[in-house]
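These are the residues of each chain, in order.
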Amino acid sequence: MDIRDQLFKEHSKENAQYIARYIGNDADKFHQLIELFLGNDHRVTQKASWVLSMVSDTYPDLLSRHLDAIISNLENEVNDAVKRNTLRILQNHTIPEKHEGFIANKCFDYLLSNQEPIAIKAFSMTILANLTVKYPDFKQELKTIVEDLMEHGSPGIKARGKMVLKKLGKLV
């Protein structure tokens, strides 16, 4: 199967799952997907990001050798789907120490931006909450921002904010 061609056959969850099953735990096929995800064609990166998220849920070990490139990709001007799926992946993985500062700054920027979609803000909250375990200095700033977002936020922001505040409350 040509993964790129299959991405364009149909934009559906079923097709994304089909491609994810095809890739499975195969490092070479996963590498092909990573190359599509990191490419310059926004339509391709958008579609590949969804599949990447699915594969990384099932086979997180495949992601480890590509994590630097995936994180560094956020330095580029990427579309919302790439941001959303990258953050979705990162909320469930240990961020390499050398990228923690960059990711923390990006996530705080996303939370403070009026332009970012709800899912990007929600995943940013979770990543920052995860980082507060190691960096408790983030806790108060994150708490203040989350409470502010929740005040006039969507149901999704309120739900994620409530979970994050609960997690922050458990931290000493």
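Quick caveat, the model's predicted, so the values are computed rather than measured.

A. Region of the structure containing the nonpolar core. Ranked by size, the top nonpolar core spans 50 residues in total, and within it Val-51, Leu-52 and Leu-142 carry the most contacts. In terms of residue count, helix α9 (residues 118-132) provides more of this core than any other element does, 7 residues in total.

B. Region of interest: the packing of aromatic side chains. Tallying each qualifying case throughout the model produces 2 aromatic pairs. Aromatic pair Phe-108 and Phe-138: ring centres 5.8 Å apart, planes at 85°, arrangement edge-to-face. Of this pair, Phe-108 sits in helix α8 (residues 97-112) while Phe-138 sits in helix α10 (residues 138-151), placing them 30 residues apart in sequence. Arranged with centres 5.6 Å apart and planes meeting at 35°, the rings of Tyr-135 and Phe-138 form a pair that is tilted. The class for Tyr-135 is partly exposed, based on a relative accessible area of 28%. Members of the aromatic cluster, each reached through a chain of ring pairs, are Phe-108, Tyr-135 and Phe-138. One residue, Lys-29, lies across the ring of Tyr-22, its end atom 4.0 Å from the ring centre.

C. Representation of helix α4 (residues 42-58). The first and last C-alpha atoms of α4 sit 25 Å apart over 17 residues, in line with the 24 Å expected at 1.5 Å per residue. What α4 keeps buried is the set Val-44, Thr-45, Lys-47, Ala-48, Ser-49, Val-51, Leu-52, Ser-53, Met-54, Val-55 and Ser-56. Buried residues along α4 sit in contact with α1 (3-9), α2 (13-23), α3 (27-37), α5 (60-63), α6 (67-72) and α7 (80-90). Two or three places before Arg-43, at the opening of α4, Asp-41 has a side-chain oxygen 2.9 Å from that residue's backbone nitrogen.

D. The packing of α2 against α4, seen in detail. One way to put it is that α2 packs onto α4 with a least axis distance of 9 Å and a crossing angle of 55°. As the angle between them shows, α2 and α4 are arranged oblique. Regarding α2 and α4, the two cross each other, and that crossing is right-handed. Contacts between α2 and α4 involve Lys-13, Ala-16, Gln-17, Ile-19, Ala-20 and Ile-23 from the first element and Trp-50, Val-51, Met-54 and Val-55 from the second. Looking at the contact of α2 with α4, its residues break down into 8 nonpolar, 1 polar and 1 charged.

Conventions we followed
Residues numbered from 1 in each chain as written. Predicted model: local features only at pLDDT ≥ 70, side-chain atom pairs only at ≥ 80, totals over all residues. Heavy atoms only, no water. Core = buried A, V, L, I, M, F, W, Y, C linked by side-chain atoms within 4.5 Å. Buried < 20%, exposed > 50% of the residue type's maximum accessible area, 1.4 Å probe, protein only. Helix = DSSP H or I, 4+ residues; strand = E, 2+ residues; numbered from the N terminus. Phe/Tyr/Trp six-rings, centres within 6.5 Å; stacked < 30°, edge-to-face > 60°. Lys NZ or Arg CZ within 6 Å of the ring centre and 35° of its normal. Expected span 1.5 Å × (residues − 1). Contact = heavy atoms within 4.5 Å. Polar contact = N/O pair within 3.5 Å; in protein donor to acceptor, adjacent residues only side chain to side chain. Axes fitted to C-alpha atoms, helices over the stretch in contact; angles between N-to-C directions. Parallel < 35°, antiparallel > 145°, perpendicular 65-115°, else oblique. Left-handed = near helix turned anticlockwise from the far one by under 90°. Nonpolar A, V, L, I, M, F, W, Y, C, P; charged D, E, K, R; others polar.

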